[in-house]
Number of protein chains: 2
Amino acid sequence: MAANHHAEVVLLDHWTSQFGQRVCIALEEKGVEYEYIEQDTINKSTLLIESNPIYKKIPVLIHHGKPVCESMIIVQYVDEVWSDKAQLLPDEPFARARARFWADYINNKGEALEEAKKDFMEIVKTLEVELGDKTFFNGDTFGFVDVALVPFFGRFNAYEKIANFNIEEECPKIVAWGRRCMHRDSVSKILPDDQKNYELLLKLRRHHGVE
Amino acid sequence: MAANHHAEVVLLDHWTSQFGQRVCIALEEKGVEYEYIEQDTINKSTLLIESNPIYKKIPVLIHHGKPVCESMIIVQYVDEVWSDKAQLLPDEPFARARARFWADYINNKGEALEEAKKDFMEIVKTLEVELGDKTFFNGDTFGFVDVALVPFFGRFNAYEKIANFNIEEECPKIVAWGRRCMHRDSVSKILPDDQKNYELLLKLRRHHGVE
């Protein structure tokens, strides 16, 4: 395995990836030290290709030389291996299934969120209803669904600026939830700040020919 | 909850669904008794809509009146609740992540498998390599990935007849694995036989205007 000379925990990632951010947040919640290796997503490294031969995509977590791929599968892996701290999935099977359902929903709808399509507000409203009056999606503790969603929340502000609309007006609970999440060290340390996100989004739009 | 007058475990399903078959196989492996309620997928029942308000799709497992949706999330739920028998996900976190990765791969590629697209053989070959010389995807015991894939295997024979090609020539290990799976009561009881599958596929093709 090519990762032999690396640290015990290695993350192959790219700083703009919301999927990679999920993994970083989970590792920070658990207090796991890891070596971050920024990847060139165009000219892919041998390490990336060997670690994720099926999809050749970041993020990949390499633990003791063994690669784990796909962001929410990595988050579950991290939750299972470092189970002594900051439990991300609840204990009770029905609550676990619910959390997986919502993380899955966010994954399936993530592309729409990412591209700020017209159904963006509909998705956010659905999540607003599911959150309800809870502090986090699980209840009182930060968990699996929060990890899945918060990297998208990190771009709400940029979407608002670009598309000139107000998320808070229609979904005050989700916005309040996002702010609560941003107060966690694990989240604020990982998510780029609003200005950086805004610049990134403008850059992506120019890249896709949208001015 | 509308399901109060039903059995402890209720499955909302449609007999042609490969996603529903996964759930049935998991329940059979665990020896769980359940009430099967065939659903009209066109004129959806109130019970289905109330149980899966987000996607309004089968399968849905209702346990003690609480609905769990999405086939592989249901399979994990079943594995966690009835954990005393026929463990479907292995204990070791890395092996669990691998199993989830492959189940996810099958889910993502399932549509291609279903529609017998040109990359069908490429997907089957990738799975052939992952299976290697193991008895089941986990190793010696029937598990999570087997549950995810075997309902698709159930249609290989029909695909071969319709498209006039031979899967076994290129992927003998997968075909042998499929036959091993078919010897399990949980699988043979649930999957329609070859002839029924063939007729179903012909019917679907006619429905889509393919003769």
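Structure: above.
As a starting point, this report considers the structure included with it. (Residues numbered from 1 in each chain as written. Chains lettered and ligands numbered in written order. Predicted model: local features only at pLDDT ≥ 70, side-chain atom pairs only at ≥ 80, totals over all residues. Heavy atoms only, no water.)

## Some words on the nonpolar core
Counting residues in hydrophobic clusters, the biggest one holds 130 residues, and the most contacted among them are I174 and W177 of chain A together with I174 and W177 of chain B. In contact with W177 of chain B, other than residues within four places in its own chain, are L131, T135, F136, F137, D146, L149, V150 and F153 of chain B. (Core = buried A, V, L, I, M, F, W, Y, C linked by side-chain atoms within 4.5 Å. Buried < 20%, exposed > 50% of the residue type's maximum accessible area, 1.4 Å probe, protein only. Contact = heavy atoms within 4.5 Å.)

## Notes on the pairing of strand β4 (residues 66–69) of chain A
Residues and elements named next belong to chain A. Relative to β4, strand β3 (residues 60–63) runs antiparallel, the two being bridged by 4 bridges. For V60, the partnering residue across the bridge sits in β4 and is C69. If you look at the hairpin formed by β3 and β4, you'll find 2 residues sitting between the two strands, and H64 has a positive phi there, around 50 degrees. (Pairing = 2+ DSSP bridges. Helix = DSSP H or I, 4+ residues; strand = E, 2+ residues; numbered from the N terminus.)

## A look at the interface of chain A and chain B
Contacts between the two partners involve 24 residues from chain A, matched on the other side by 25 residues from chain B. Summing both partners gives a buried area of about 2200 Å² for chain A against chain B, and 69% of it is carried by carbon and sulfur. The interface formed by chain A and chain B holds 4 salt bridges in total. Where E80 of chain A meets R100 of chain B, a salt bridge forms, and the shortest distance between an N and an O atom there is 3.1 Å. If you look at where chain A meets chain B, you find 6 residue pairs in polar contact (both at pLDDT 80 or more). Of all the elements in the fold, those that place two or more residues in the side of chain A that touches chain B are β4, α3 (71–81) and α4 (93–115) of chain A. Sorting elements by how many residues they give to the side of chain A that touches chain B places α4 of chain A first, with 10 residues. Considering only residue class, the side of chain A that touches chain B consists of 14 nonpolar, 4 polar and 6 charged. (Buried area = accessible area lost by both parts, 1.4 Å probe. Salt bridge = Lys/Arg side-chain N within 4 Å of Asp/Glu carboxyl O. Polar contact = N/O pair within 3.5 Å; in protein donor to acceptor, adjacent residues only side chain to side chain. Nonpolar A, V, L, I, M, F, W, Y, C, P; charged D, E, K, R; others polar.)

## A look at the side chain of Q21 of chain B
All names here are of chain B. Here Q21 shows up in helix α1 (residues 18–30). On the accessibility criterion, Q21 (5% relative accessible area) is buried. Each residue touching Q21, except ones within four places of it in the same chain, is listed here: D13, W15, P151, I190, L191 and P192.

## Structural notes on the sheet that holds strand β2 (residues 35–38) of chain B
Residues and elements named next belong to chain B. Taken in spatial order, the 4 strands make up an open sheet running β2-β1-β3-β4, and their pairing is mixed. The strands lining the two open edges of the sheet, one partner per strand, are β2 and β4 (66–69). Across this sheet, the average inter-strand angle for adjacent strands is 20 degrees, counted without regard to direction. Pairing of strand β1 (residues 9–13) with β2, which is carried by 4 bridges, proceeds in the parallel orientation. Among the inter-strand pairings, D13 is bridged to a residue of β2, identified as E38. Its contacts with the sheet place α1 against β1, β2 and β3 (60–63), and it is angled at close to 155 degrees to β1. (Axes fitted to C-alpha atoms, helices over the stretch in contact; angles between N-to-C directions.)

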